[in-house]
Amino acid sequence: MSVRLLHPSIQNGVRVGDREHPGGTLTCKCSQRPVKVKVSGGIAHNHACGCTKCWKPEGAAFSVVAVAPSANVTVIENGDKLAVVDSSALIRRYACDACGTHMYGPVEREHAFQGLSFIHPELLDNDNWPEPGFAAFVSSIIEGGVDPSEMDGIRSKLKEVGLEPYDCLSPALMDYLATWTAKKSGVLRQ
Ligand SMILES: N[C@@H](CCC(=O)N[C@@H](CSCO)C(=O)NCC(=O)O)C(=O)O
Ligand SMILES: [Zn+2]
Ligand SMILES: [Zn+2]
């Protein structure tokens, strides 16, 4: 059986990027009047994500998604084509209504990720963005239609390309979220 496409940018190994990457312009897939969004600074926490909510390129089981400070994210062209995919979600994903590409997703609610926007670095106009560091929400690809019998092979392939598979976020990010919640509830000191 042929190996399922995880994501074009990781299928043949993860290319090491530039930690000091300066950002760039995200462009949707439309040939006419593409939406353009400027990210004026670095990105962080890049990861592969198997959840059903993140945008994936055609045929891919995973998205590749990172965060940037929302203050650094500006719609610069054809913003009239953008619409929020799910206004009840934590991440307000703005997608192009013509090609479906998710362009940016700010977290505006009171949350550990408030002030960050989720973006897909493959849409940048330069290639040297920092590589993904892990694979998140791996089991969620089943919710997207992948047969459970494929999971062992998919987890092996992720490990082979250097992406540790997790069924939520990485332990470091889960600890960060839990710490934020514990401080908010008062069980940990601020
Ligand atoms: N099983 C669900 C999981 C969806 C989910 O919780 N996704 C995460 C990760 S997105 C990028 O890392 C999340 O934080 N979502 C918040 C949101 O989407 O607003 C599924 O697959 O749908
Ligand atoms: Zn588009
Ligand atoms: Zn996701």
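- In the annotation of an unreviewed UniProt entry, the protein chain is listed under the name Glutathione-dependent formaldehyde-activating enzyme and assigned to Rhizobium leguminosarum bv. trifolii.
- According to UniProt, the comment filed for the protein chain under the heading Function (unreviewed entry) is "Catalyzes the condensation of formaldehyde and glutathione to S-hydroxymethylglutathione."
- What the UniProt record of the protein chain gives under Pathway (unreviewed entry) is the line "One-carbon metabolism; formaldehyde degradation; formate from formaldehyde (glutathione route): step 1/3."

### Focus: the overall build of the protein chain
Here is step 1 of the chain: Of regular secondary structure, the protein chain possesses two helices and 11 strands.
Here is step 2 of the chain: When the helices and strands of the protein chain are placed in sequence order, the string is β-β-β-β-β-β-β-β-β-β-α-β-α.
Here is step 3 of the chain: Taking 16 Å as the expected radius of gyration for a compact globule of 190 residues, we find that the protein chain reaches 17 Å, a close match to that expectation.
Here is step 4 of the chain: Viewed in the frame of its principal axes, the protein chain has a C-alpha envelope of about 50 × 40 × 35 Å.
Here is step 5 of the chain: Here the protein chain, with 190 residues, has 45% of them falling under the buried criterion.
Here is step 6 of the chain: Sequence separation of 24 or more characterises 63% of the internal contacts of the protein chain that already satisfy a separation of 6 or more.
Here is step 7 of the chain: Approximately 9700 Å² of the protein chain is accessible, and the part contributed by carbon and sulfur atoms is 49%.

### Concerning the coordination of the zinc ion (ligand 2)
Here is step 1 of the chain: Protein coordination of the zinc ion (ligand 2) is provided by Cys28 (SG), Cys30 (SG), Cys96 (SG) and Cys99 (SG), with donor distances spanning 2.3 to 2.4 Å.
Here is step 2 of the chain: Donor residues for the zinc ion (ligand 2), ordered by position in the chain, follow C-x1-C-x65-C-x2-C. Remark: Cys99 occurs in the loop between β7 (94-96) and β8 (102-106) and Cys28 occurs in the loop between β1 (24-27) and β2 (36-39); sequence separation between them is 71 residues.
Here is step 3 of the chain: A relative accessible area of 6% means that Cys28 is categorised as buried.
Here is step 4 of the chain: Residue Cys99 is classed as partly exposed on the basis of its relative accessible area of 30%.

The rules behind the values
- Residues numbered from 1 in each chain as written.
- Chains lettered and ligands numbered in written order.
- Predicted model: local features only at pLDDT ≥ 70, side-chain atom pairs only at ≥ 80, totals over all residues.
- Heavy atoms only, no water.
- UniProt positions renumbered as here; feature names shortened; annotations may be inferred.
- Helix = DSSP H or I, 4+ residues; strand = E, 2+ residues; numbered from the N terminus.
- Rg over C-alpha atoms; globule rule 2.2 N^0.38 Å.
- Buried < 20%, exposed > 50% of the residue type's maximum accessible area, 1.4 Å probe, protein only.
- Contact = heavy atoms within 4.5 Å.
- Areas by Shrake-Rupley, 256 points an atom, 1.4 Å probe, with all protein chains shown as cover.
- Donors = N, O, S within 2.8 Å, 3.2 Å for Na, K, Ca; no water.

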